[in-house]
Amino acid sequence: MSYSRFAIYYVPPAGPLADLGASWLGWDVVRGCEATQLNIAGLCDITMTPRKYGFHGTLKPPFRLRSDRTIAELKQFTLNLAERVEPAVCKGLYLTTMGRFLALAPQGETSALQRVAAACVRDLDMFRAPADPAELARRRKARLSDRQEELLVQWGYPFVMEEFKFHLTLSGPLPEADIAKWSDKIQRLLPDLNEPFIVDQIALCGQREDGRFELLHRYTLAG
């Protein structure tokens, strides 16, 4: 299968959280197929935006592969990266809002997660084709700060390095009046998150011709 873009994600390992993420969004990024979505009125509508990505936390944002690079090379360099990067451990996850969308975010100190994400952005950037003018213009609609503009030009995305905030997206933008309602619905379904959140693997994912992302390979962080 051909892929238009690639990304480095954290994809939760098999278990209650991964199962809930797939059934909440309606897409199983690991299997690369539709998941039976929970029968909750309106859920299909509020998850339409994040559905194609699957349940994940972004480490290196989606990018087009340079014409002089191959998928085989990308896989090998991702393996090399994983072998030298140490896992990241946080206190746990909690449900929050980022802007007007719902997400799970890490509690406590996040410098280790910042380190993992920065390594993915920096060390694999040789594979990223430069962002085209249309993409840059679309990103700039977010009213970027001067620093975010610098990051966009350098890395193709404005919210990386010190601007990075790790999260696992659960919805698209919600009306302010609906945030509390949907927060309550997902909170009732979440498994116990009061335990260490460990990122000890990264996932190379590809965007298929239908626009949806699927897992290509997991790599254990062994640094």
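Quick look at the structure, then. (Residues numbered from 1 in each chain as written. Predicted model: local features only at pLDDT ≥ 70, side-chain atom pairs only at ≥ 80, totals over all residues. Heavy atoms only, no water.)

## Remarks on the pairing of strand β11 (residues 213-220)
Consideration 1: Of the strand pairs in this sheet, strand β10 (residues 201-207) and β11 are connected by 7 bridges, and their pairing is antiparallel. Of the residues in β11, the one forming a bridge with Gln 201 is Thr 220.
Consideration 2: Where β10 folds back onto β11 in an antiparallel hairpin, the turn is made up of 5 residues, including Gly 211, whose phi is positive at roughly 90 degrees. (Pairing = 2+ DSSP bridges. Helix = DSSP H or I, 4+ residues; strand = E, 2+ residues; numbered from the N terminus.)

## Quick notes on empty space enclosed by the protein
Consideration 1: Inspection of every chain in the model, using the stated rule, returns 1 cavity of 30 Å³ or more.
Consideration 2: Approximately 110 Å³ is the volume attributed to the largest cavity.
Consideration 3: If you go around the largest cavity, you meet 15 residues; those closest to its centre are Pro 62, Phe 63, Arg 128, Glu 135 and Gly 156.
Consideration 4: When residues of the lining of the largest cavity are traced back to their parent elements, those giving at least two are β4 (57-63) and α6 (133-140).
Consideration 5: For the lining of the largest cavity, the leading source of residues is β4, giving 4 residues.
Consideration 6: Taken together, the residues of the lining of the largest cavity break down into 9 nonpolar, 1 polar and 5 charged. (1 Å grid on protein atoms, 1.4 Å probe; cavity = no way out; pocket = protein on both sides within 12 Å on 5 of 7 lines; lining within 4 Å. Points joined across faces, edges and corners; volume = space filled by probe spheres on them. Nonpolar A, V, L, I, M, F, W, Y, C, P; charged D, E, K, R; others polar.)

## Details of the nonpolar core
Nonpolar side chains in soluble globular proteins tend to end up buried together.
Consideration 1: Core analysis: the biggest nonpolar cluster contains 47 residues, and Leu 59, Leu 104 and Ile 202 have the highest contact counts within it.
Consideration 2: If you tally residues by element for this core, the top one is helix α5 (residues 111-123), at 6 residues.
Consideration 3: The residues touching Ile 202, leaving out its near neighbours within four places in the chain, are Ile 8, Tyr 9, Leu 59, Thr 78, Leu 81, Ala 82, Val 116, Cys 120, His 217, Arg 218, Tyr 219 and Leu 221. (Core = buried A, V, L, I, M, F, W, Y, C linked by side-chain atoms within 4.5 Å. Buried < 20%, exposed > 50% of the residue type's maximum accessible area, 1.4 Å probe, protein only. Contact = heavy atoms within 4.5 Å.)

## Topic: the layout of surface pockets
Consideration 1: Roughly 1,100 Å³ of internal volume is contained in the largest pocket.
Consideration 2: In this structure, the largest pocket is lined by 30 residues; those nearest its centre are Phe 101, Arg 139, Tyr 157, His 167 and Thr 169.
Consideration 3: It is β4 that contributes the most residues to the lining of the largest pocket, 4 residues altogether.
Consideration 4: Tallied by class, the residues present in the lining of the largest pocket amount to 16 nonpolar, 9 polar and 5 charged.

## Considerations on the pattern of salt bridges
Any two side chains of opposite charge can pair, given that their charged atoms come close.
Consideration 1: Counted by the stated rule, this structure contains 13 salt bridges.
Consideration 2: Salt-bridge contacts for Glu 214 lead to Arg 208; the nearest nitrogen and oxygen are separated by 3.2 Å. Comparing Glu 214 with Arg 208 shows no difference in burial state: the two are buried.
Consideration 3: Through salt bridges with shared partners, a single network forms among Lys 60, Asp 125 and Arg 128. (Salt bridge = Lys/Arg side-chain N within 4 Å of Asp/Glu carboxyl O.)

## Focus: the packing of aromatic side chains
Consideration 1: For the structure on display, the rule yields 11 aromatic pairs.
Consideration 2: Centre to centre, the rings of Trp 24 and Trp 182 are 6.1 Å apart; their planes meet at 85 degrees, and the pair counts as edge-to-face. Of this pair, Trp 24 sits in helix α1 (residues 16-25) while Trp 182 sits in helix α8 (residues 179-189), and the two are 158 residues apart along the sequence.
Consideration 3: The buried category is assigned to Trp 24, whose relative accessible area is 0%.
Consideration 4: Where Tyr 157 meets Phe 159, the ring centres are 5.8 Å apart and the plane angle is 80 degrees; that geometry is what we call edge-to-face.
Consideration 5: Residue Tyr 157 is classed as partly exposed on the basis of its relative accessible area, which comes to 22%.
Consideration 6: In this structure, Arg 69 is placed above the aromatic ring of Phe 77, and the distance from its NZ or CZ to the ring centre is 6.0 Å.
Consideration 7: Taking the ring centre of Trp 182 as reference, the NZ or CZ of Lys 185 above it sits at 5.9 Å. (Phe/Tyr/Trp six-rings, centres within 6.5 Å; stacked < 30°, edge-to-face > 60°. Lys NZ or Arg CZ within 6 Å of the ring centre and 35° of its normal.)

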